[in-house]
Amino acid sequence: MAQWEFNRSAALLERLGVAGQADVVNLYAARAARGFGDGFAAIILPAYLLEIGFDPFQIGLVATAALLGSAATTLAVGFLAPRYDLRTLLLACAALMVVTGIAIPSFQHLVFIAAIAFIGTMNPTTGDIGVHVPLEQAALAHRASDQDRTRVFARYSLIGAISVAAGALAAGAPDLLVSRGMGRIGALQAMFYVYAALGLVGALFYSRLPRAEVKETAPRATALGPSRRTVYKLAALFSLDAFAGGFTVQSLMALWLFERFDLSLAAASAFFFWSNVLAAFSYPVAARLGARFGLVNTMVFTHIPSSICLILAAFSPNLTIVLALLLVRSALSQMDVPTRTSYVMAVVTPAERTAAASVTAVPRSLASSISPALSGALLSTSFAGLPLIVCGVLKIAYDLSLLFSFRHIKPPEEKEAPR
């Protein structure tokens, strides 16, 4: 199986060409550096905020601020993309990641922390939400054919998820530092400086994207045109999905496990490591399912069982059962990520791709920014599992709506070779 996957990867890169191959590898590497930082930051952030005296509602407000800021910066990217090349914008995003990592441990007041979260790149979800995402997606889409597009995005998501898993495992490092004599707050703050350093690593890889190459090979970005109606409908549905997901962003799931089961930071980091590993290896599977059954069908029929697992976890009093259900959910819930991205890039014209990525990403960020504050309030109630139930029910409603609205709108590869 490993040799088969290697051979397919080699053939894919050969089709992309030497210049395209180098660009794709650099984008993959930058995604890995960013994902590693997101992986531990999503766990360290609530632990740090609890340590300096924040309550669950305040932590939810910080997560909301981070997602609102992500929506605002992503919207700005949508306007700037037609005027600047992708390399320049990606370098600016990397610089913002550096500033975020340095600024967060410098303040301990709610207003300042929330402001930094709004302006910066801290991602409480560890998912494909953030200012980097539409830029990276557009850059990859310009370098992939219709036949290879879903596989390119599956590998992009796979690399991101594996790096997030490794970052989640690294979230146990503060416990090790504390055992060596460092203060707990200082140990947690050190991780944010590592996050800033990873922004520099990402900038190094982005700087290798030749500016002239991006301009020559990619169609000039434009605002939405003939695909406007389709993109707006997708954005509305994706917003419902993101609003639901905001109730269970990884930072709040970690907080729920800390509060309900008194899970240690080391145990939480190990759990989220395996959770993200399962999600990572679901991406290549999603690409194969998408090729066989269609992108929309793959999105819907892998998502619904994962939502059922989440609802069941809310009612379980046993930690082992809860973790098992959440792991099954992780193996299924992210299969829509590469298929969703590929679908959006497929149903718009090449010139509209950056705008489409931004327009579908911004409402997702806005919608997901509302629910963490609500989730933080619900976590303080007598039934702390309520956010999980709300998330699961809303996601099932999204899946059924997506299937009903888009089952007949096929990407080019499904029109050419129906299966």
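Residues numbered from 1 in each chain as written. Predicted model: local features only at pLDDT ≥ 70, side-chain atom pairs only at ≥ 80, totals over all residues. Heavy atoms only, no water.

**Student:** Tell me about the overall build of the protein chain, residues and numbers included.
**Tutor:** When you go through the protein chain residue by residue, the secondary structure sums to 19 helices and 0 strands. The buried share among the 419 residues of the protein chain stands at 58%. In the protein chain, once contacts between residues fewer than 6 apart in sequence are set aside, the share between residues at least 24 apart is 88%. Of the accessible surface of the protein chain, which amounts to about 16,300 Å², a share of 68% is contributed by carbon and sulfur atoms. (Helix = DSSP H or I, 4+ residues; strand = E, 2+ residues; numbered from the N terminus. Buried < 20%, exposed > 50% of the residue type's maximum accessible area, 1.4 Å probe, protein only. Contact = heavy atoms within 4.5 Å. Areas by Shrake-Rupley, 256 points an atom, 1.4 Å probe, with all protein chains shown as cover.)

**Student:** So what's going on with the confidence of the model for the protein chain? Residues and values would help.
**Tutor:** Confidence in the prediction of the protein chain, expressed as mean pLDDT, is 83, and 88% of residues score 70 or more. Here residues 1-7 scores under 50 on pLDDT; set against residues more than four positions off or in separate chains, the count is 3 contacts. A low-confidence stretch, residues 212-220 stays under pLDDT 50, and its non-local contacts, those more than four residues away or across chains, total 14 contacts. (pLDDT = per-residue confidence, 0-100.)

**Student:** Tell me about the nonpolar core, and please be specific about residues and values.
**Tutor:** Counting 57 residues, the largest nonpolar core has F40, I44, L49, W256, L257, F272 and L326 as the members making the most contacts within it. A138, A141, L295 and L403 belong to the second largest nonpolar core, which has 44 residues in total. (Core = buried A, V, L, I, M, F, W, Y, C linked by side-chain atoms within 4.5 Å.)

**Student:** Give a description of a nonpolar patch on the surface that names residues and reports values.
**Tutor:** There is a patch of nonpolar side chains on the surface, built from L68, F118, I119 and L366 and spanning about 340 Å² of accessible area. Note that L68 resides in helix 3 (residues 56-80). (Patch = residues over 30% accessible without salt bridge, like charges linked within 9 Å, V, L, I, M, F, W, Y side chains within 5 Å. Salt bridge = Lys/Arg side-chain N within 4 Å of Asp/Glu carboxyl O.)

**Student:** Can you lay out unusual backbone geometry for me, pointing to particular residues and giving the numbers?
**Tutor:** Non-glycine residue D262 carries a positive phi angle of around 55 degrees. On the secondary structure map, D262 appears in the loop between helix 12 (250-261) and helix 13 (265-293).

**Student:** Let's hear about the pattern of salt bridges: which residues, and what values?
**Tutor:** The full count for this structure, using the stated rule, is 6 salt bridges. A salt bridge links R184 to E51, with the shortest nitrogen-to-oxygen separation between them at 3.4 Å. Taken together, the residues R184 in helix 9 (residues 184-206) and E51 in helix 2 (residues 18-51) connect sequence positions 133 residues apart. On the accessibility criterion, R184 (28% relative accessible area) is partly exposed. Several salt bridges converge on common partners, so that one network encompasses D241, D336, R340 and K395.

**Student:** Explain the packing of helix 11 (residues 228-245) against helix 16 (residues 336-346) to me, using residue names and the numbers behind them.
**Tutor:** Where helix 11 contacts helix 16, the two axes come as close as 12 Å, and the packing angle between them is 165 degrees. By the angle between their directions, the pair helix 11 and helix 16 is classed as roughly antiparallel. In the packing of helix 11 onto helix 16, the handedness of the crossing is left-handed. Taking contact as the criterion, the partners of L234, F238 and D241 in helix 11 are, on helix 16, D336, R340, Y343 and V344. In terms of residue class, the contact of helix 11 with helix 16 is made up of 4 nonpolar, no polar and 3 charged. (Axes fitted to C-alpha atoms, helices over the stretch in contact; angles between N-to-C directions. Parallel < 35°, antiparallel > 145°, perpendicular 65-115°, else oblique. Left-handed = near helix turned anticlockwise from the far one by under 90°. Nonpolar A, V, L, I, M, F, W, Y, C, P; charged D, E, K, R; others polar.)

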